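Each chain is listed here by its residues.
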Amino acid sequence: GNTDAEGRLVLADALSYTQEIYKPKIIIDLATLTGACVVALGEYAAGVFSNQESLQKEIAEAGSKVQERCWPLPIFEEHTNELKTSFADTCSTGKGRYGGASTAAAFLQKFIKEDTKWAHIDIAGPAMYSETRGFMTEGST
């Protein structure tokens, strides 16, 4: 099995707990969730996934204003379908290596209540620069 997806299981528990106890109208989570997001965007931007296009856009615009680039990425129905399995309620990873950031976000979205606005920001790329760029120094940001 794949042991690389344990962080998303903990995050799913945190999302469920937060909604159950605090009943927020909006949840925005950040995590260095996938290497796939780094493959897609490099170290130059975080990937933003959401169940509300307007929230996704607001986050991207706010990030631009403070030099924290965020790029909207999709959760297609096909990403969610990749999580189907006959062995459990859901799988935590997709069927293959493609679209990994989107299937990870699709997994998290399964734990969001329908009336809750939600965004996930995958910060795996910009969380750790390999070299100094402008005012951002090499290493953890």
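On a predicted model such as this, the values are computed, not experimentally measured, just so you know.

Reading guide: rules and limits
- Residues numbered from 1 in each chain as written.
- Predicted model: local features only at pLDDT ≥ 70, side-chain atom pairs only at ≥ 80, totals over all residues.
- Heavy atoms only, no water.
- Pairing = 2+ DSSP bridges.
- Helix = DSSP H or I, 4+ residues; strand = E, 2+ residues; numbered from the N terminus.
- Axes fitted to C-alpha atoms, helices over the stretch in contact; angles between N-to-C directions.
- Buried < 20%, exposed > 50% of the residue type's maximum accessible area, 1.4 Å probe, protein only.
- Contact = heavy atoms within 4.5 Å.
- Parallel < 35°, antiparallel > 145°, perpendicular 65-115°, else oblique.
- Left-handed = near helix turned anticlockwise from the far one by under 90°.
- Nonpolar A, V, L, I, M, F, W, Y, C, P; charged D, E, K, R; others polar.
- Core = buried A, V, L, I, M, F, W, Y, C linked by side-chain atoms within 4.5 Å.

Overview of the sheet that holds strand S3 (residues 70-72)
Pairing between the strands of a sheet is mediated by backbone hydrogen bonds and can be parallel or antiparallel.
Okay, so step 1: Within the open sheet, the four strands sit side by side as S1-S4-S2-S3. Their pairing is mixed. For this open sheet the edge positions go to strand S1 (26-31) and S3, each flanked by a neighbour on one side alone. Going from strand to strand, the sheet's axes swing by 25° on average, the running direction of each strand aside.
Okay, so step 2: Relative to strand S4 (residues 117-122), strand S2 (residues 46-50) runs antiparallel, the two being bridged by four bridges. Its bridge partner lying in S4, Ser-50 is registered against Ala-119.

A short note on helix H5 (residues 100-109)
Residues separated by three or four positions in an α-helix point in the same direction, a consequence of the helix having 3.6 residues per turn.
Okay, so step 1: Within H5, nine of the ten residues are buried, leaving the element largely enclosed by the surrounding structure.
Okay, so step 2: Against helix H1 (6-22), S1, helix H2 (35-41), S2, helix H4 (77-81) and S4 lie the buried residues of H5.

Some points on the packing of H1 against H5
Okay, so step 1: Packing of H1 against H5 brings their axes to within 9 Å, and their N-to-C directions diverge by 30°. As judged from the angle between their axes, H1 and H5 are roughly parallel. In the packing of H1 onto H5, the handedness of the crossing is right-handed. When H1 is examined against H5, the residues Arg-8, Leu-9, Leu-11, Ala-12 and Leu-15 are found in contact with a partner set consisting of Ala-104, Phe-107 and Leu-108.
Okay, so step 2: Grouping the amino acids of the contact of H1 with H5 by side-chain chemistry returns seven nonpolar, no polar and one charged.

Focus: the nonpolar core
Note that soluble globular proteins tend to have their nonpolar side chains buried in a common cluster.
Okay, so step 1: Within the largest apolar cluster, 20 residues are counted, with the highest numbers of intra-cluster contacts made by Leu-11, Leu-15, Leu-33, Leu-108 and Trp-118.
Okay, so step 2: Listed by contribution, the elements that provide at least two residues to this core are H1, S1, H2 and H5.
Okay, so step 3: Looking at which element gives the most residues to this core, the answer is H5, with six residues.
Okay, so step 4: Residues within four places of Leu-33 in sequence aside, it is in contact with Arg-8, Leu-11, Ala-104, Leu-108, His-120, Asp-122 and Ala-124.

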